[in-house]
Amino acid sequence: MPTLDDIIKSHDEKPKEEEEKKEEEVKEEVKKEEEVKVEEKEKEEEVKEEEKKEVEVKEEVKEEEKKEEEVKEEVKEEEKKEEEVKEEEKKEEVKEEVKEEEKKEEKKEPPKAPREPEPKIPTDFHSDISELKDLKTEGNNLIKSDLEKAIEKYEEAYKKSSELIRKAYKEKDYNKEQSSEIILLHKQIMSNLSLSYQKKGEYEKSIDLDLKIIAADPNYDKSYARLFMNYMNINKPQSAVYYGTLLKKNFSEETKEKYKDLIPKIEEEEKKIQKEIDEYKAKQRSETIKSILKYAIPILVLVIAIVVYFLVFKKNNSSNLNESNINNLNSNVTNNLTNGDLKNNNFSLDNDTDVD
């Protein structure tokens with residue numbers, strides 16, 4: 001049978017065992033918790049490392065993307081350069097093609113201009129021309145015997161020739177040969193009418209006709225000769241000399257030979273005009289000198305008077321200053337004598353203000 005001590009011991013041992021068990025259990029739990037914490041820390045560290053790796057990977061990806069963009073930009077620039085080079089090549093090719101075409105066109109003969117259809121000759125052209133010639137011939141035959149009738153014939157011919165000129169140029173009814181024939185006949189009729197007016201003494205009418213003639217044909221020498229004579233007849237020697245000089249200078253020796261009697265008169269009038277010009281210039285010079293002297297002499301007199309005035313004024317001023325100095329000196333001497341400052345015939349002036 002167990003004893004009481006044994007029972008007490010057994011009772012005492014049981015709680016100890018239980019406590020030990022509990023302590024062990026607690027220790028195991030603590031260990032487990034610590035292990036769990038360690039595992040959690042490890043997991044956290046792993047997570048952090050993974051995050052770091054992800055960040056690094058992202059940065060690497062970004063750098064790669066940047067590099068790819070740079071590469072793309074480089075590729076674009078190269079493509080642009082290639083395109084520019086291609087465009088320049090195309091431009092050069094186009095220029096060369098244009099040059100070749102121009103060369104080909106230069107080699108080609110220029111296309112012939114289409115001929116303008118010659119105007120149809122009016123049925124009355126030849127009759128009009130023959131009528132003008134007849135009127136002119138009649139005037140030529142009458143100019144010596146009956147001047148008035150000659151002028152009538154020439155005036156009639158002049159009106160008809162003017163109408164034909166209008167048809168030739170404005171309406172273009174005639175070809176070049178026909179037009180030139182009309183112009184020549186028209187000019188001859190005008191010249192003959194001008195000569196008739198000159199003979200009759202109607203110089204202004206003759207001048208108007210000759211001016212029209214040389215406006216159309218500057219080489220028509222007869223009009224220059226008549227203009228010289230007509231202007232002399234109406235007392236306009238300067239205009240006469242102008243047209244006479246043109247006749248003398250601008251025409252050949254053969255033409256001048258026709259007017260060998262007229263040219264000395266032209267030269268004589270030239271000398272007269274030149275003499276008048278020289279006299280006019282001399283007169284202008286003398287008048288200019290007179291006008292200068294007219295105003296220069298009074299100015300010179302005024303200047304001399306001013307100089308004399310200043311010289312006299314300066315002289316009077318200096319003499320007045322000397323007299324005032326002497327008067328001051330005398331007054332000072334008398335004052336010193338009265339005050340007894342004169343000793344041994346030598347004197348000095350106190351507070352001397354006029355020191356030379």
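An account of the accompanying structure is given in this report. (Residues numbered from 1 in each chain as written. Predicted model: local features only at pLDDT ≥ 70, side-chain atom pairs only at ≥ 80, totals over all residues. Heavy atoms only, no water.)

The subject of this paragraph is the overall build of the protein chain. Within the protein chain, the secondary structure is distributed over nine helices and zero strands. Tracing the protein chain from N to C terminus, the helices and strands come up as α-α-α-α-α-α-α-α-α. Out of the 356 residues belonging to the protein chain, those deemed buried represent 20%. A separation of at least 24 residues holds for 55% of the contacts in the protein chain among residues at least 6 apart in sequence. Taken as a whole, the protein chain presents about 29,800 Å² of accessible surface, with 51% of it coming from carbon and sulfur. (Helix = DSSP H or I, 4+ residues; strand = E, 2+ residues; numbered from the N terminus. Buried < 20%, exposed > 50% of the residue type's maximum accessible area, 1.4 Å probe, protein only. Contact = heavy atoms within 4.5 Å. Areas by Shrake-Rupley, 256 points an atom, 1.4 Å probe, with all protein chains shown as cover.)

With that settled, the discussion passes to the environment of Ala216. Assignment of secondary structure puts Ala216 in helix H5 (residues 203-216). The class of Ala216 is exposed, set by a relative accessible area of 68%. Remark: the alpha-carbon pair of Ala216 and Ile183, spanning 33 residues in sequence, is separated by 9.5 Å.

With that settled, the discussion passes to the nonpolar core. Counting 15 residues, the largest nonpolar core has Tyr224, Leu227, Tyr231, Tyr243, Leu247, Tyr259 and Leu262 as its most contacted members. Elements supplying a minimum of two residues to this core: H5, helix H6 (221-233), helix H7 (237-250) and helix H9 (263-339). Broken down by element, this core gets its largest block of residues, five residues, from H6. Aside from chain neighbours lying at most four places away, what touches Leu247 is Asp221, Tyr224, Ala225, Lys256, Tyr259, Leu262 and Ile266. Core analysis: the next-biggest nonpolar cluster, separate from the first, contains 11 residues, Leu132, Leu135, Ala157 and Leu185 among them. (Core = buried A, V, L, I, M, F, W, Y, C linked by side-chain atoms within 4.5 Å.)

Inspection of the entire model under this criterion finds 14 salt bridges. As a salt-bridge pair, Glu163 and Arg166 come within 2.1 Å of each other at their nearest N and O atoms. Separated by three residues within a single helix, Glu163 and Arg166 lie in helix H3 (residues 147-171), roughly one turn from each other. As a salt-bridge pair, Glu269 and Lys272 come within 3.7 Å of each other at their nearest N and O atoms. Taken together, the residues span about one helical turn, with Glu269 and Lys272 both in helix H9 at a distance of three residues. By relative accessible area, which is 11% here, Glu269 ends up buried. By relative accessible area, Lys272 is classed as partly exposed at 43%. Beyond isolated ion pairs, a larger network of salt bridges with shared partners links Glu148, Lys200, Glu202 and Lys205. (Salt bridge = Lys/Arg side-chain N within 4 Å of Asp/Glu carboxyl O.)

Here the focus is the environment of Asn250. Mapped onto the elements, Asn250 comes out in helix H7. Separated by 31 residues in sequence, Asn250 and Asn219 have C-alpha atoms that sit 8.7 Å apart.

The backbone of Asn235 shows a phi angle near 65°, a positive value even though the residue is not glycine. Within the fold, Asn235 resides in the loop between H6 and H7. Since its relative accessible area comes to 65%, Asn235 is described here as exposed.

In the contact formed by H5 and H6, the axes pass within 9 Å of each other and the chain directions differ by 150°. Classified by the angle between their axes, H5 and H6 sit roughly antiparallel to one another. At the point where H5 passes H6, the crossing takes the left-handed sense. Along the contact surface, H5 presents Tyr203, Ser206, Ile207, Asp210, Leu211, Ile213 and Ile214, while H6 presents Ser223, Tyr224, Arg226, Leu227, Asn230, Tyr231 and Asn233. Residue classes in the contact of H5 with H6 are distributed as eight nonpolar, four polar and two charged. (Axes fitted to C-alpha atoms, helices over the stretch in contact; angles between N-to-C directions. Parallel < 35°, antiparallel > 145°, perpendicular 65-115°, else oblique. Left-handed = near helix turned anticlockwise from the far one by under 90°. Nonpolar A, V, L, I, M, F, W, Y, C, P; charged D, E, K, R; others polar.)

Taken as a whole, this structure holds four aromatic pairs when the rule is applied. The interplanar angle of 65° and the centroid separation of 5.5 Å between the aromatic rings of Tyr224 and Phe251 together place this pair among those described as edge-to-face. Of the two residues, Tyr224 sits in helix H6 while Phe251 sits in the loop between H7 and helix H8 (253-258), which places them 27 residues apart along the sequence. For the pair formed by Tyr224 and Phe251, the shared burial category is buried. Taken together, a centroid distance of 5.9 Å and an interplanar angle of 5° make the contact between Tyr231 and Tyr243 stacked. In this pair, Tyr231 is assigned in helix H6 and Tyr243 in helix H7, connecting sequence segments 12 residues apart. Feature note: the residues Tyr224, Tyr231, Tyr242, Tyr243 and Phe251 constitute an aromatic cluster, connected by ring pairs. (Phe/Tyr/Trp six-rings, centres within 6.5 Å; stacked < 30°, edge-to-face > 60°.)

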